[in-house]
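# Fold and geometry: a report
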Amino acid sequence: MTGTCTGTDWRQAVLVSLKKVDTQSAAYINDRCVKIGFYKQGPHTSAIWFPGQRIFLNPRYYSLETDPSDPLLLSILIHEVCHLRQGFALALSVYGEMEAWQLGFSVHRQLSGIAYHPNLVEFMSLPLSWDRDVLRRAQQLMLGYAGKSYRADLLPLYPIGKELVFWLGLGRSAEK
């Protein structure tokens, strides 16, 4: 589905900046007319995604005055677009968060040059895989970096369907 989107000059400037860093995320936002707005959130959240192709930035940190090429803004948009691409079940799993975190933080580091927090050094070295031990370690590292209010501890390791298959005793078939 390809659409023609209208939006603010700021949104268009963000898309131009994003395209220089990640053409796929910029195209996804443009082609699916993803709405980018602002919605009050807690202090530990930079942005959230919603079904229906919507991303809401936390107005505590972002506004129409934010530089459209801000490295943190662009990395967060890439993170949230990753979740929109994943779909609801995958996005609400440790695997989905791991994928989105690795994409977002790699872009942030590339753009800003800022060194990773020690938890992120190990996190970024983990392979994105269905291995439950890797996902448990990723979950621990996310909580160690973001704090307990992040609530990654509430997410299933796998998307809920695969998680159910695993817990029903069908085990390894959920990893395929």
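An account of the accompanying structure is given in this report.

Definitions and cut-offs
Residues numbered from 1 in each chain as written. Predicted model: local features only at pLDDT ≥ 70, side-chain atom pairs only at ≥ 80, totals over all residues. Heavy atoms only, no water. Helix = DSSP H or I, 4+ residues; strand = E, 2+ residues; numbered from the N terminus. Rg over C-alpha atoms; globule rule 2.2 N^0.38 Å. Buried < 20%, exposed > 50% of the residue type's maximum accessible area, 1.4 Å probe, protein only. Contact = heavy atoms within 4.5 Å. Areas by Shrake-Rupley, 256 points an atom, 1.4 Å probe, with all protein chains shown as cover. Lys, Arg positive; Asp, Glu negative; His and termini not counted. Charge placed at Lys NZ, Arg CZ, Asp CG, Glu CD. Axes fitted to C-alpha atoms, helices over the stretch in contact; angles between N-to-C directions. Nonpolar A, V, L, I, M, F, W, Y, C, P; charged D, E, K, R; others polar.

### Thoughts on the overall build of the chain
If you tally the helices and strands in the chain, you get eight helices and three strands. In terms of overall size, the chain behaves like a compact globule, its C-alpha atoms giving a radius of gyration of 17 Å where 176 residues would be expected to give roughly 16 Å. The principal-axis extent of the C-alpha atoms belonging to the chain is close to 50 × 40 × 30 Å. For the chain, the residues scored as buried account for 41% of the 176 residues in total. By sequence separation, contacts in the chain at least 24 residues apart represent 49% of the contacts at least 6 residues apart. Summed over its atoms, the accessible surface of the chain is roughly 9,500 Å², and 57% of this surface lies on carbon and sulfur atoms. The distance from the centre of the 18 positive side-chain charges to the centre of the 15 negative ones in the chain is 4 Å.

### Overview of the packing of helix α1 (residues 9-21) against helix α2 (residues 23-31)
Axis separation between α1 and α2 bottoms out at 6 Å; the angle between their running directions is 145°. Contacts between α1 and α2 involve Arg11, Leu15, Leu18, Lys19 and Val21 from the former and Thr23, Ser25, Ala26, Ile29 and Asn30 from the latter. Grouping the amino acids of the contact of α1 with α2 by side-chain chemistry returns five nonpolar, three polar and two charged.

These figures come from the coordinates and say nothing about function on their own.
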